[in-house]
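Structure assessment
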Amino acid sequence: ASSVQAGFTNTGTINVTSGYAAVGVYGQSSVSFSNSGTINAQGTTLAEGVHWDNTKATSFVNSGQIVAITAASSQYSSIGLSQNLSATSAAVTFDVTNSGSIQADIAIYADFGTSGLVADHIHNSGTITGEIILSSGNDIIDNSSQIIGDVTLGDGNDSYNGGSGVLQGTLYAGAGNDLLIGGSATDTFVGGDGDDMLTGGGGADTLTGGAGNDSFRDSAAGHSGDTITDFARGDHLIVTDASLAGFTFSLSGTTLNYTGGSLTLANAPTGTLVATAAAGGGVDLHFTSPATNDFNGDGRSDILWREDAGALSDWLGTAVGGFTGNDANAFSQAPTSWHIAGSGDFNGDGRVDVLWRSDSGALSDWLATASGGFTPNDANAYALVPTSWHVVGTGDFNGDGRADILWRNDAGILSDWLATASGGFSANDANAFAQVSTSWTVVGTGDFNGDGRADILWRNDAGVLSDWLGTASGGFAANDANASVTVAASWHVAGTGDFNGDGRDDILWRSDGGELSDWLGTVNGGFTPNNSNALHQVATDWSVAAVGDYDGDGRDDILWRDGGGSLTDWLGTSAGGFTVNDVNAYQVVATNWHVQAAALI
């Protein structure tokens, strides 16, 4: 091997052959390397074209040829270019510019442990044949030519731009918020943990976002023919060159047809796929959470009943907005000292679960089953919480596809618990803890701006209304600039739901005189009055018992009940108005049975 400890330039030919291990060039503590010639390493068991050790910052420029070959059958017995840094306490950069060719089992290898302080930068306008394996840190690969082999990026906020190049292999991005852009050929990207953005470009691409709230962003033509393997609630499919006006889409099985193309959504969640205007332009397709109180996961809301002596059961929603009794699967008896505190899909399985709280402060949940029945989940969810703290809402505040619990105590302190895959909960004070004047009350939760995260609707004693928008951490951002408005004290929030089916939750209002109307949610989390479509006069002996999508059409409906036990619903329309549905839903139920709404606040 040629051994160097300073800057190195090769314009000729270096051939190293060994019966054991061959290294073409070995360097230490160098600041630069340049090769416009040929470096050829051939070993029996191991070969490395260029190996650098313990460097603080190195720039590698190759416009020639680096080849490492072995006779060994091991998959990783040859490395074209490698750099090893045993330890570092300062940020450094490993920079490779290749306009020539690098060929080996592993073409480029960076080993810097797990410090995360090293940024790997690779600029390729030549040909790289073999795998690229980089260390943790914020890695950047710009590929305007050809990489033949898999690419593994370490943990960090990584970037791969192959818009004018070709990658013949799979790109694996580690944990972090990664940006992955493919070219005109077929690409295979795996985003890993974090909130990633993936653009396949041309070709029939296979895209996997991994854990986190991922965005799949491309033109209509770029998306067409792609397969997204793990599209989940909280993920967004953005069609950059589409406009909401005139945009159509339909999901049949795993095939998503849309204006301008079609693609495959494998393993899509249950729920409703909706289209909204994307921030910055285009159309944003994403799944909403399961319909309110959809206990059997069929896409229709159901009614949860509780009787004065503690009995519990449900009625399942039908395609016409009516209901079918489900005592065979759901009838249960619970002590009257336990009360239903809310409901939500706490384990993310597409079915809505029941949250319980006892008079002594104990908390637990029952997980819903495919039959619309329930299974106690004390093993994962049981907790004892001081009675000065109250459940004031449920919703998916961090957008991970599971409903969380919103807490508030008697002094006005607010926080939330994030749900886990087992249906249990994890305290989130680090992100959500806030002190709010007790003159302000939580009057609802919902995804008012359509970003896949639930928000908080507030109202104070003077009638002022506003909301806080949910963030990726499960915390909240005040939104007074868009949502603050004063409403007459004679009008009350009767519920929240997506009444026009645009992917944003709206506010249902009811006045002391029985008038009903709604305000439609906007993309910034504010609201637009909708009296022209939704204003009605309803007798005051009828009350809004719950809100839900009872016919499964993607629009929320109103469940009504009067003092004598009569029950019916009004179905939501595309304008955010309502159609009376007595012909399918009207029934009379004994008054010792009570509808349990999703949020009992």
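All of these numbers come straight from a predicted model, not from anything done at the bench. (Residues numbered from 1 in each chain as written. Predicted model: local features only at pLDDT ≥ 70, side-chain atom pairs only at ≥ 80, totals over all residues. Heavy atoms only, no water.)

Along its length, the chain carries seven helices and 62 strands. In terms of its C-alpha atoms, the chain occupies a principal-axis envelope of roughly 95 × 50 × 50 Å. Taking all 601 residues of the chain together, the buried fraction comes to 55%. The contacts in the chain between residues at least 6 apart in sequence include a share of 45% that link residues at least 24 apart. Approximately 22,100 Å² of the chain is accessible, and the part contributed by carbon and sulfur atoms is 51%. The centroid of the 15 positive side-chain charges in the chain is displaced by 8 Å from the centroid of its 66 negative side-chain charges. (Helix = DSSP H or I, 4+ residues; strand = E, 2+ residues; numbered from the N terminus. Buried < 20%, exposed > 50% of the residue type's maximum accessible area, 1.4 Å probe, protein only. Contact = heavy atoms within 4.5 Å. Areas by Shrake-Rupley, 256 points an atom, 1.4 Å probe, with all protein chains shown as cover. Lys, Arg positive; Asp, Glu negative; His and termini not counted. Charge placed at Lys NZ, Arg CZ, Asp CG, Glu CD.)

This part takes up the pattern of salt bridges. What the rule picks out here adds up to six salt bridges. With its nearest N and O atoms 3.1 Å apart, the salt bridge here joins arginine 351 to aspartate 349. Using a relative accessible area of 22% as the deciding quantity, one classes arginine 351 as partly exposed. A salt bridge links aspartate 553 to arginine 555; its shortest N-O distance comes to 3.2 Å. (Salt bridge = Lys/Arg side-chain N within 4 Å of Asp/Glu carboxyl O.)

If you walk through the whole model with that rule in mind, you get 21 aromatic pairs. When the centroid spacing of 5.6 Å and the interplanar angle of 85° are considered together, the rings of tryptophan 52 and phenylalanine 60 count as edge-to-face. For tryptophan 52, a relative accessible area of 0% puts it in the buried group. With a relative accessible area of 1%, phenylalanine 60 lands in the buried category. Centre to centre, the rings of phenylalanine 499 and phenylalanine 578 are 5.3 Å apart; their planes meet at 70°, and the pair counts as edge-to-face. With phenylalanine 499 in the loop between β52 (491-497) and β53 (506-511) and phenylalanine 578 in strand β60 (residues 578-580), this pair connects stretches of sequence that are 79 residues apart. (Phe/Tyr/Trp six-rings, centres within 6.5 Å; stacked < 30°, edge-to-face > 60°.)

The subject of this paragraph is the layout of surface pockets. Of the volumes computed, that of the second largest pocket is approximately 370 Å³. Lining the second largest pocket we find 24 residues, and of these Ala232, Arg233, Asp400, Gly401 and Arg402 sit closest to its centre. (1 Å grid on protein atoms, 1.4 Å probe; cavity = no way out; pocket = protein on both sides within 12 Å on 5 of 7 lines; lining within 4 Å. Points joined across faces, edges and corners; volume = space filled by probe spheres on them.)

The subject of this paragraph is the environment of alanine 421. Within the secondary structure, alanine 421 sits in the loop between β44 (413-419) and β45 (425-427). Taking the relative accessible area as the measure of exposure, alanine 421 reaches 57% and is therefore exposed. Along the chain, alanine 421 and leucine 516 lie 95 residues apart, while their C-alpha atoms are 39 Å from each other. Setting aside its immediate chain neighbours within four residues, alanine 421 contacts Asn347 and Arg402.

On to the nonpolar core. Formed by 55 residues in total, the largest nonpolar core has its most connected members in Val50, Ile108, Ile132, Ile141, Leu171 and Leu237. No other element matches strand β12 (residues 101-111), which puts five residues into this core. If we ignore the near neighbours within four places in the chain, the residues touching leucine 237 are Phe216, His223, Ile228, Phe231, Leu256, Leu263, Leu265, Val283, Asp284 and Leu285. By size, the runner-up hydrophobic cluster in this structure holds 16 residues, among which are Leu363, Trp389, Ala403 and Phe425. (Core = buried A, V, L, I, M, F, W, Y, C linked by side-chain atoms within 4.5 Å.)

Structurally, the position occupied by asparagine 377 is in the loop between β40 (374-376) and α3 (378-381). On the basis of relative accessible area, asparagine 377 is assigned to the buried category, the value being 5%. In terms of polar contacts, asparagine 377 uses its side chain to reach the side chain of aspartate 365, at 3.0 Å. At 3.1 Å, the side chain of asparagine 377 forms a polar contact with the backbone oxygen of serine 422. Ignoring sequence-local partners within four residues, the contact set of asparagine 377 consists of Ser364, Asp365, Trp366, Leu367, Tyr382, Ser422, Gly423 and Gly424. (Polar contact = N/O pair within 3.5 Å; in protein donor to acceptor, adjacent residues only side chain to side chain.)

With a phi angle near 60°, asparagine 267 is a residue other than glycine that sits in the positive phi range. Mapped onto the fold, asparagine 267 is located in the loop between β30 (261-265) and β31 (273-277). Although it is not a glycine, asparagine 293 sits at a positive phi angle of roughly 55°. With respect to the helices and strands, asparagine 293 occurs in the loop between β32 (283-287) and β33 (303-307).

A few words on empty space enclosed by the protein. Taken as a whole and assessed by the stated rule, the structure comprises one cavity of 30 Å³ or more. When its volume is computed, the largest cavity comes out at roughly 40 Å³. Considering the residues around the largest cavity, the lining is formed by Thr292, Asn293, Ser301, Asp302, Ile303, Leu304, Ala546, Val547, Gly548, Tyr550, Val595 and Gln596. Among the elements of the structure, β33 and β57 (542-548) are those that each provide at least two residues to the lining of the largest cavity. Here the lining of the largest cavity takes three residues from β57, the largest share from any one element. Its residues placed into classes, the lining of the largest cavity shows six nonpolar, five polar and one charged. (Nonpolar A, V, L, I, M, F, W, Y, C, P; charged D, E, K, R; others polar.)

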